[in-house]
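Residue strings, one per chain:
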Amino acid sequence: MSGLDIVKELYGLFREERARHQRERGVVWVTDLVSCSLKPVFSLEYEELALSEFFSPPLVLGTLVHRGLEALLSQVLAAKQYRVEVEPERSLEVSVDDAKYTLKGRADLVVTTPEGARIGVEIKTLRGDAALPLEHHVDQARIYNLLFDLEKSYLVYISPERLAQYEVGDRMGLDEVASRIREPRAPRYTWECRYCPFSVICPSKVAKA
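Below is a short write-up of the structure. Quantities reported herein were computed from a predicted structural model and do not represent experimental measurements.

## So, helix 5 (residues 135-147)
Then step 1. The end-to-end C-alpha distance of helix 5, which contains 13 residues, comes to 19 Å, matching closely the 18 Å that a straight helix rising 1.5 Å per residue would cover.
Then step 2. A large share of helix 5 lies buried, amounting to 10 of its 13 residues.
Then step 3. Looking only at helix 5, the buried set comprises His136, His137, Asp139, Gln140, Ala141, Arg142, Ile143, Tyr144, Asn145 and Leu147.
Then step 4. The elements touched by buried residues of helix 5 are strand 3 (89-96), strand 4 (99-106), strand 6 (118-125), strand 7 (152-158), strand 8 (163-168) and helix 6 (174-182).

What follows is the structure in structure tokens.
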């Protein structure tokens, strides 16, 4: 009997997506600068644990919401003469003391208005209510404003309790980017340990996080 395994197809899609974005030494992603500094290290050394996070149901749900909203906004904004780039990627060379790093980032949406202004849109899903916007999301938007030369970015939050957006007009300077690369923090936030797939082997795990 022939059949269709939708769950298998979805996980196959996510596996292919991850394979296209393997970590490279000397490359720092925007998300690395707003989260625990040990995560990118462990992602290279413990690939199996990294995969467990990638295929977690909350992350799958967040990915599906991202894809759906990106497609919807692209359609709506294009009809109003906005140019929409979906998940564009950019890189920038950053000097840290005597070393060179490549900062990479992939925004959810970059929208160019009919007047030529460039605006970022970052989609965030939450499992519960929280005091918004979250600090690490604001910092992420600040780095995207620098990397993509944006006038501003909007953080769009979707949760069972609310749908809200917050404007971030500030840019993170190259000095602050270099400082975050130079001075790793593990964890950057105490709550990270609660959800981290590497907590079972991490020497910096925060007790009772």
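## Brief notes about the packing of aromatic side chains
Then step 1. The full count for this structure, using the stated rule, is five aromatic pairs.
Then step 2. Here a set of aromatic residues connected by ring pairs shows up, and it is made of Phe42, Tyr46 and Phe198.

## With respect to the nonpolar core
Nonpolar side chains in soluble globular proteins tend to be buried together.
Then step 1. Counting residues in each nonpolar core, the largest one holds 18 residues, and the members touching the most others are Leu33, Val94, Leu103, Ile143, Phe148, Val177 and Ile181.
Then step 2. Of all elements in the fold, only strand 3, helix 5 and helix 6 reach the threshold of two or more residues within this core.
Then step 3. If sequence neighbours within four positions are ignored, Leu103 has contacts with Val28, Trp29, Val30, Leu33, Arg90, Ser91, Leu92, Val94, Ile143, Leu147 and Val177.
Then step 4. The next biggest cluster of nonpolar side chains, apart from the first, holds seven residues, and it includes Val111, Val121, Ile123 and Val156.

## Overview of a nonpolar patch on the surface
Then step 1. Taken together, the side chains of Tyr46, Val200 and Ile201 define a hydrophobic patch exposed on the protein surface, amounting to about 270 Å² of accessible area.
Then step 2. Its place among the elements puts Ile201 in the segment after helix 7 (192-195).

## Describing the layout of surface pockets
Then step 1. Space inside the second largest pocket adds up to approximately 450 Å³.
Then step 2. Lining the second largest pocket are 20 residues, and of these Val28, Ser37, Pro40, Val41 and Tyr101 sit closest to its centre.
Then step 3. Broken down by secondary-structure element, the contributors of at least two residues to the lining of the second largest pocket are strand 1 (27-29), helix 2 (38-45), strand 4 and helix 6.
Then step 4. Counting residues per element, the lining of the second largest pocket draws most heavily on helix 2, which supplies four residues.
Then step 5. Looking at the lining of the second largest pocket, its residues break down into 11 nonpolar, two polar and seven charged.

Definitions and limits used
Residues numbered from 1 in each chain as written. Predicted model: local features only at pLDDT ≥ 70, side-chain atom pairs only at ≥ 80, totals over all residues. Heavy atoms only, no water. Helix = DSSP H or I, 4+ residues; strand = E, 2+ residues; numbered from the N terminus. Expected span 1.5 Å × (residues − 1). Buried < 20%, exposed > 50% of the residue type's maximum accessible area, 1.4 Å probe, protein only. Contact = heavy atoms within 4.5 Å. Phe/Tyr/Trp six-rings, centres within 6.5 Å; stacked < 30°, edge-to-face > 60°. Core = buried A, V, L, I, M, F, W, Y, C linked by side-chain atoms within 4.5 Å. Patch = residues over 30% accessible without salt bridge, like charges linked within 9 Å, V, L, I, M, F, W, Y side chains within 5 Å. Areas by Shrake-Rupley, 256 points an atom, 1.4 Å probe, with all protein chains shown as cover. Salt bridge = Lys/Arg side-chain N within 4 Å of Asp/Glu carboxyl O. 1 Å grid on protein atoms, 1.4 Å probe; cavity = no way out; pocket = protein on both sides within 12 Å on 5 of 7 lines; lining within 4 Å. Points joined across faces, edges and corners; volume = space filled by probe spheres on them. Nonpolar A, V, L, I, M, F, W, Y, C, P; charged D, E, K, R; others polar.

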